[in-house]
Amino acid sequence: MSGPGPSLPRRLARYGAAALWVATAFSVRPAAAPPARRTARPSKAEIAADRRRDLLTYGIGYGLALALTLLAFALVYWRWAEPPVALALVFGLGLVQVLVQFRCFLHIDFKGQARDDLLLILFSTLIVLLMVGGTLVVLFNLRARMM
Amino acid sequence: MTGSEIWTTLLGRFEWSDLPFVRAWEKGTLSEAIGAGAGGVVVVGAVLLVALLTYKRWWKPLWSDWLTSLDHKKIGIMYIVLAFVMLSRALIEAVLMRTQQAVAIGAPGLVGPNHFAQLFSTHGSIMVFFMAMPFLTGLINYVVPLQIGARDVAFPLLNSISLMLTAGGAGLMMVSLAIGEFSTGGWSGYPPYTEAAYQPGVGPDYWIWAITLSSIGSTLVGMNIAVTIFKKRCPGLKLMRMPLFCWTSLCTSILMIFAMPPLTVATLMLALDRYLGYHFFTNDLGGNMMIYIDLFWLFGHPEVYILILPAFGVYSEVISAFSSKELYGYVSLVIATMAIAVLSFTVWLHHFFTMGQSADINAVFGIATMTIGIPTGVKVYDWIWTMFRGEVRLTPPMLFSLAFIVTFVLGGFTGILLAMPPVDFVVHNTVFLVAHFHNMLIPGLLYGMIAGYQYWFPKAFGFRLNERWGTVSFVCWVSGFYLAFMPLYVLGLAGLARRTQEILEPDFRPWLLVALLGAFLLLAGLATLFVQLYVSVRQRDQHRVPVGDPWGARSLEWSVAAPPPEYNFATIPHVGRRDPWHWRKANGGAYKPADHYRDIAMPRNSMVGPVVGLSGAVCAFGLVWHIWWMAAFGLAVLWAAVIARSFVRRTKRVIGAREVEATDRAWLATAAAQQVHPRELETTSANAGLAELHA
Amino acid sequence: MTDPQLRHVGLKVGGFEAIDVEEAETGIFGFWVFLMSDAILFALLFAVYGTQLAATAGAPGPAAEFKIDSAFWETMVLLLSSFTYGMSSFAMKYGGQLRWVVGMLLVTLVLGLTFLGMEANDFAVMIHDGATPDRSGFLSAFFALVPTHGLHVVAGCSWIVVMLVQVAAFGLDDRVKINLLRLGLFWHFLDVIWIAIFSVVYLQGVMR
Ligand code: HEM
Ligand SMILES: [Cu+2]
C-alpha cells in the first residue's frame, strides 16, 4: 500500500468537482433548444443533432458515475485518507454522483415539465433533511443522555 | 401430518376461544358479554346487509354503479359512507368508555382492564384512520375536481384502489370484533409494550395491518389529489385563483405524500420485530423504542394538520357562501395554509417532551410549536372579517363554523399551554391532554366534516338536507362537546391519568357524570344526523335544487346541475379570476349553452379496485393469524390484478356530443323554468337551486 | 412536445384511445411524486440505520461482515444496468428500433438478476456467519434497509418482464412507451438509492 499522503484525495476531489461542473455544463442543452411546440416535423439534421446530444448525455453520465464510484471505492480500498476525512469524501462523492445521475439519466433540468419535477425534488429534499436531520439529532441526544 | 398440524397449516393460530362468543360462554363476565355483543352486532349486521342486498336485488347496481365505478364523485360518496359507519362504531365505544369511567369509581365497572384498553385503542385508531381520513378524503374527492373545472382526478383507477384499501383496513377493524381481539396499545401502538414479548396475541397485528392498509391508501390518494390539482386545473385557473378548499386540499395531500411514509416504516418495523424477531424497538440486543416514538410522531404531527386543513377549507367556503361575501384575506389564508403545512414538519417532538432529550431540544421544539399559532390566528381573523357586514345566515353549516371558531380558539390556548415543556411535564398523560386534542379535533375536524357534508349534500344528491334537524344536531354536538370535555381539563389538572379503567378518587364522580352526559349528547348528535338524512330523503321532492346553486355561492362546482353529470362539465370552463362562478352570474355569463359540444371520454368501470382492496384485506388477515397460505394468496391476487390491468387497452368510454348537448340543454331549460329565490327563502322549498345574486 | 422527458421517448399524439401529451405528462409527474414518497421511506431507513450503527450488541458488526469487493461488483453491475436501460429508452426515442429496445431491456434484466444473485449471496454468507437480524439492533437496521432496496429491484425486474410481454403483445404503443418511461425512472432511481447504500452502508462499514 503505497498510498500517497492525505492531501492527494483532497486534491483529487477538488479536480474531480471542477471537471464535473465543466462536463455537466457542457452536457446541458443549448438555451435555444427545441421550440415549444413544433409545427412542422423536425428536419433530419435536427433529429441527428438531438440524437447525438442524447447519446452524449448518457455517455457522459455513465462515465462520470463510473469515475466517481471508482474514486470512492479506491479511497477506501487503498486507505488514501483517515476515516473521518475519507467518510466525508465518500459522502461528498456520493452526493455529486446523485446529482450527475439526476441530470444525465433522469433528465432533470430547468425547463418545461422537468422544472416541476425539480421543484418537487427540492421540496422533498427539504423534508428529507428535516426528518433525517431531526431524527439523528434527537436520537443521538437521547443516546448520549442515556448511555 | 397430525390433526393439530393440519389445523395450524390451515387456520394458523386460530382457536375456538378466539371467538368472543365462546369466551363469553366460558367466562360469563359482563365484560366478555359486551365483547360478544359487539361481535354479534358485526355478524348480524353483515348477515342483514347481505339479506337486504339479496332481497332488494341490489347486488348488481351496487357492483356496477358503485363499487367498480371510477367516478370521483361516487368514490367520494363511498368514502363518506365508510366514515359514517366507522364514526358510529367509534362513538359508541367512546360512550362506553365514558360510562365505564363514570361507574367504575372504586368499583370494577362494566368492562375489564383489557377490554377497556381495547376500547380506547380501537376508538382512537378508528377515529383517526377510518373516520377522519375517509371523511376528508371523500369530501376532497367529491369537491376538488368540480372546483378546478376538471372531469375527474388525475388517476381514476388509483382513486378506486385507495378507497378499497382503506375499506379493507376498516373491514379488518370490524373483523377484529368478531374474531380474536384488538391491540391494547392505544392508537399510537408504542413498543416495547406492543412487542411480541408483552402482547404475543393477534391484537397488535390487527392494528399493524389495518393501519398499514389505510396508510398506503392515504399515501396513494394524497399523490392523486396533489397531481390532480397541479395538472388538471381548467384553463385560466391559476393556483392563486383556486378556491381555498382546493388550497387546503393541496396542502393536505402534500402532507399525506410525505408524512404517511414514516408511519408505514414504523409499523412495518414493528411487524418485523413481531414476525421475524428483529430488534428495532425491543428492550434487549440494541433495540431502541425511541426510534419508534420518533418515527411515529414524524407522521403523527403532520397527521393532525392533514385532518384539520380540509376542515379549514370547508369553513372558508361555508363562511363566504353564507355571508354572501368574497373570502376576506385570500392571500393571507393561502400563505397561512402553506406555512402551517411546512411548519408541521418541524414540531413532532412536542409529543414526547418528557421522554428524555435535553432541555435545549425541548425548548426549540416548544417554540416551533407555538409559532404554528400565528398562521392559525391569521385564519381566524380572516374568517371573522369575512362575516363582517356580510349577509350572514345561520344555516347548520354556518352554525358549525361559528362553533368551530370559538371552540377551536379555546383548544388552541390549551395547546399553547402544552407547548411549554414544564407545563407538559405536569399534565402529560392526563385527561387534560385528552381534553386538548378532542378540543382541537372535534371542532377542527368533525364539525368541519359535518358542515361540509351539509353544505355539499344538495350538490351531490340534488336536494337539501332538512335544516331543522340539522340545527337540532348542531345543538347536541356543541353542548355535548362542552359537557363531555370541559370536565376533563379539570380532572386532568387534578391528576386523572388518561387510559384509566378504574378510578380511585371519589371526588372525581360529579365531573365524570357530567362528561358522561356530554357523551350521550354527542351520541344524540350523531343520531339526529341520521334522522335528518332519513327525514330529508322522505321529503326530497319538496327540497330539490336541480339548478344546482342553492346557496348562491361563488366557485365552479355550483355552476353545474345538482347532481352533476358524470363528466361534470359539458364544456370545460375558462376562468379569468377568483370566484369565477360569481363573476359569471354577475356578468350574465351563467346558464348559457355552449357554442358547440364535443364527445367526452370517461374512464370505464374497473373491478381492479375492489379486487385489490379485498385481496389486501385477505392478505392482512392471513398475516394476523399466521395463516401463511392465505397471506400469500391475497398478495398474489393483488399483484395479479394490477398486472392484468396493465394489459387492458380499452379503458375509456365515449359519451357522444349529442347526448352531452341534450343533457345540458335539458338542465338549462330547468334553470330557465325556475324562480330565482331570495336569500330569506333559502331554507324553504322556494329554493330550486337558482339563487338571487347579491353584490 | 414541450417536455424533455417526453421527448425522450417521442410519444405520438392522436386517436381517441391514444394518450394525449397532457395525460402523459400527468402520468410522469405522478410517478415522480410516487418516487419522492418512496425516497422518504428510504431516507428514514437510512436515518434508523445511522442511529443503530453502534447497537451491535456483541453480534458481528459492519467491519467484520461487509466485503468491499462484492459491494464494488454489485455497484458496477447496477450502474451498468442503469446505462443499458438508458440505451433502451434512447433506442425507443429514435426510430423505436424494436430490436434495440428489447435487447437492451433484456440486458438490463440480466444485470438486475445478477445484482440480486450477488446480493442474495452476500446475505447468505452473513446469515451463515451468524449475522442474522435477530442478533442485534444494528443487524436489524441493515436487514431492513438493504433488502428493501433489493425488493425494489425485484419489483423492477418483474416490471421489466411484464413490459417485455406487453411489447410482444402491443408493440410500442403509447401506453407501453409511457410505462417504459416510468419504469426507466424507477430503475434509475434505484441506482441513485444504491449510491447512498454503498456510501453509507458498505464504504462507511469497512472503513471502521
Ligand atoms: C365525538 C365524541 C368523542 C368522544 C366522546 C370521545 C371520547 C374519548 C375517550 C373517552 C377517550 C379515552 C380517553 C382516555 O384515555 O382516558 C378517547 C380517546 C381518544 N380519542 Fe376520542 N372521543 C370522541 C371523538 C374523537 C374524535 C373525533 C377523534 C379523532 C379524530 C378522537 C380521537 C381519539 C384518540 C386519538 C384517543 C386516544 C386513544 C388512545 O389513548 O390511544 N376522538 N376519546
Ligand atoms: Cu403535534
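- In the annotation of an unreviewed UniProt entry, the entry for chain C reads Cytochrome bo(3) ubiquinol oxidase subunit 3, and the organism field reads Lichenibacterium ramalinae.
- Listed under Subunit (unreviewed entry) in UniProt, the entry text for chain C is "Heterooctamer of two A chains, two B chains, two C chains and two D chains."
- Looking at the Sequence similarities (unreviewed entry) heading of the UniProt record, one finds this comment for chain C: "Belongs to the cytochrome c oxidase subunit 3 family."

Concerning the site of ligand 1
All names here are of chain B.
Part 1: Taken together, the neighbourhood of ligand 1 is formed by 22 residues, with His123, Trp187, His438, Arg498 and Arg499 sitting nearest.
Part 2: Here His123 contributes a side-chain N or O atom positioned 2.7 Å from a nitrogen atom of ligand 1.
Part 3: With respect to ligand 1, the side chain of His438 contributes an N or O atom lying 2.7 Å from a nitrogen atom.
Part 4: Within the residue set of the shell around ligand 1, elements represented by two or more residues are α5 (72-103), α6 (113-147) and α15 (431-461).
Part 5: Here the element with the most residues in the shell around ligand 1 is α15; it accounts for six residues.
Part 6: The class makeup of the residues in the shell around ligand 1 is 14 nonpolar, five polar and three charged.

With respect to the nonpolar core
Part 1: Counting 309 residues, the largest nonpolar core has Trp477 of chain B together with Trp32, Tyr49, Phe142 and Leu180 of chain C as the members making the most contacts within it.
Part 2: Taken domain by domain, this core gets at least three of its residues from each of domain 1 (44-107) and domain 2 (110-147) of chain A.
Part 3: Discounting chain neighbours no more than four positions away, the residues touching Phe142 of chain C are Tyr49, Phe66, Phe123, Met126, Pro147, Val201 and Tyr202 of chain C.
Part 4: Counting nine residues, the second-largest nonpolar core is a separate cluster that includes Tyr567, Ile600, Met602 and Val660 of chain B.

Considerations on the coordination of the iron atom of ligand 1
Residue and element names in this part refer to chain B.
Part 1: Protein coordination of the iron atom of ligand 1 is provided by His123 (NE2) and His438 (NE2), with donor distances spanning 1.9 to 2.0 Å.
Part 2: Coordination geometry of the iron atom of ligand 1: the six donor atoms subtend angles of 87 to 179° at the metal centre, consistent with an arrangement described as octahedral. Of the two residues, His123 is situated in helix α6 and His438 in helix α15; the sequence distance between them amounts to 315 residues.

Notes on the coordination of the copper ion (ligand 2)
Residues and elements named next belong to chain B.
Part 1: The coordination sphere of the copper ion (ligand 2), as far as protein atoms go, consists of His301 (ND1), His350 (NE2) and His351 (NE2), spread over 1.7 to 2.0 Å.
Part 2: Between consecutive donors of the copper ion (ligand 2), the numbers of intervening residues give the motif H-x48-H-H. Placement of His301 in helix α10 (residues 289-323) and of His350 in the loop between α11 (330-343) and α12 (359-387) is noted, with a sequence separation of 49 residues between them. His350 shares its class with His301; the two are buried.

Some details on empty space enclosed by the protein
A water-sized probe, rolled over the atoms, reveals where empty space remains.
All names here are of chain B.
Part 1: If you walk through the whole model with that rule in mind, you get eight cavities of 30 Å³ or more.
Part 2: Computed from the structure, the largest cavity encloses a volume of approximately 180 Å³.
Part 3: If you trace the largest cavity, you find 15 residues lining it, with Glu317, Ser320, Leu327, Arg554 and Asp579 closest to the centre.

Some points on the pattern of salt bridges
Residue and element names in this part refer to chain B.
Part 1: What the rule picks out here adds up to 17 salt bridges over all chains.
Part 2: One salt bridge connects Glu467 with Arg464, and the closest N-O pair in it is separated by 2.8 Å. Per residue, the accessibility class of Glu467 equals that of Arg464, and both read buried.
Part 3: Taking the shortest distance from any N to any O, the salt bridge between Lys585 and Asp549 comes out at 2.7 Å. Note that Lys585 is positioned in helix α18 (residues 580-586) and Asp549 in the loop between α17 (509-538) and α18, a separation of 36 residues in sequence.

Some details on the confidence of the model for chain C
Residue and element names in this part refer to chain C.
Part 1: Averaged over every residue, the pLDDT of chain C is 89; the share at 70 or more is 90%.
Part 2: Looking at the elements of chain C, mean pLDDT is at its lowest for helix α1 (residues 4-7), recorded as 46, and at its highest for helix α6 (residues 137-170), recorded as 97.
Part 3: Below a pLDDT of 50 lies the segment residues 1-17, which in the model reaches 63 contacts outside its immediate sequence neighbourhood of four places, other chains included.
Part 4: Reported confidence for the predicted complex is 0.95 by ipTM and 0.94 by pTM.

Things to note about the UniProt feature "transmembrane region" (unreviewed entry) in chain C
All names here are of chain C.
Part 1: As annotated in UniProt, the feature "transmembrane region" (unreviewed entry) corresponds to residues 29-50, 71-92, 98-117, 138-165 and 185-203 in the numbering used here.
Part 2: Taken end to end, residues 29-50 has its terminal C-alpha atoms 31 Å apart, with 100% of it in helix and 0% in strand.
Part 3: The span residues 185-203 is 100% helical and 0% strand by assignment, and the distance between its end C-alpha atoms comes to 26 Å.

A closer look at the packing of α6 of chain B against helix α8 (residues 203-231) of chain B
All names here are of chain B.
Part 1: Their axes nearest at 11 Å, the elements α6 and α8 cross at an angle of 20°. In this view, α6 runs roughly parallel relative to α8, as classed from their interaxial angle. Crossing angle aside, the handedness with which α6 passes α8 is left-handed. Taking contact as the criterion, the partners of Ser125, Phe129, Phe130, Met133, Thr137, Ile140, Asn141 and Val144 in α6 are, on α8, Trp207, Ala210, Ile211, Ser214, Ser218, Val221, Ile225 and Ile229.
Part 2: Residue composition of the contact of α6 with α8, grouped by class: eleven nonpolar, five polar and no charged.

Describing the interface of chain C and chain A
Part 1: Across the contact, 47 residues belong to chain C and 53 residues belong to chain A.
Part 2: Taking both sides of the interface into account, the surface hidden between chain C and chain A amounts to around 4,800 Å²; carbon and sulfur atoms contribute 76%.
Part 3: Asp54 of chain A is the partner of Lys93 of chain C in a salt bridge, and the nearest nitrogen-oxygen pair spans 2.6 Å.
Part 4: Our enumeration of links across chain C and chain A arrives at eight residue pairs in polar contact (both at pLDDT 80 or more).
Part 5: Among the elements of the structure, α1, α2 (21-52), α4 (68-93) and α7 (174-207) of chain C are those that each provide at least two residues to the side of chain C that touches chain A.
Part 6: The biggest single contributor to the side of chain C that touches chain A is α4 of chain C, with 14 residues.

Section: the side chain of His677 of chain B
Residue and element names in this part refer to chain B.
Part 1: Mapped onto the elements, His677 comes out in the segment after α21 (657-673).
Part 2: Judged by its relative accessible area of 1%, His677 is buried.
Part 3: Polar contacts involving the side chain of His677 include one to the side chain of Asn687, which spans 3.3 Å.
Part 4: Once you skip the residues sitting within four places of it in the chain, His677 turns out to touch Asp549, Pro550, Glu682, Ala686, Asn687, Ala688, Gly689, Leu690, Ala691 and Glu692.

The rules we used
Residues numbered from 1 in each chain as written. Chains lettered and ligands numbered in written order. Predicted model: local features only at pLDDT ≥ 70, side-chain atom pairs only at ≥ 80, totals over all residues. Heavy atoms only, no water. UniProt positions renumbered as here; feature names shortened; annotations may be inferred. Near = heavy atom within 4 Å. Polar contact = N/O pair within 3.5 Å; in protein donor to acceptor, adjacent residues only side chain to side chain. Helix = DSSP H or I, 4+ residues; strand = E, 2+ residues; numbered from the N terminus. Nonpolar A, V, L, I, M, F, W, Y, C, P; charged D, E, K, R; others polar. Core = buried A, V, L, I, M, F, W, Y, C linked by side-chain atoms within 4.5 Å. Buried < 20%, exposed > 50% of the residue type's maximum accessible area, 1.4 Å probe, protein only. Domains from an automatic or database assignment. Contact = heavy atoms within 4.5 Å. Donors = N, O, S within 2.8 Å, 3.2 Å for Na, K, Ca; no water. Tetrahedral: all angles 85-135°; square planar, octahedral: opposite > 155°, others 65-115°. 1 Å grid on protein atoms, 1.4 Å probe; cavity = no way out; pocket = protein on both sides within 12 Å on 5 of 7 lines; lining within 4 Å. Points joined across faces, edges and corners; volume = space filled by probe spheres on them. Salt bridge = Lys/Arg side-chain N within 4 Å of Asp/Glu carboxyl O. pLDDT = per-residue confidence, 0-100. Axes fitted to C-alpha atoms, helices over the stretch in contact; angles between N-to-C directions. Parallel < 35°, antiparallel > 145°, perpendicular 65-115°, else oblique. Left-handed = near helix turned anticlockwise from the far one by under 90°. Buried area = accessible area lost by both parts, 1.4 Å probe.

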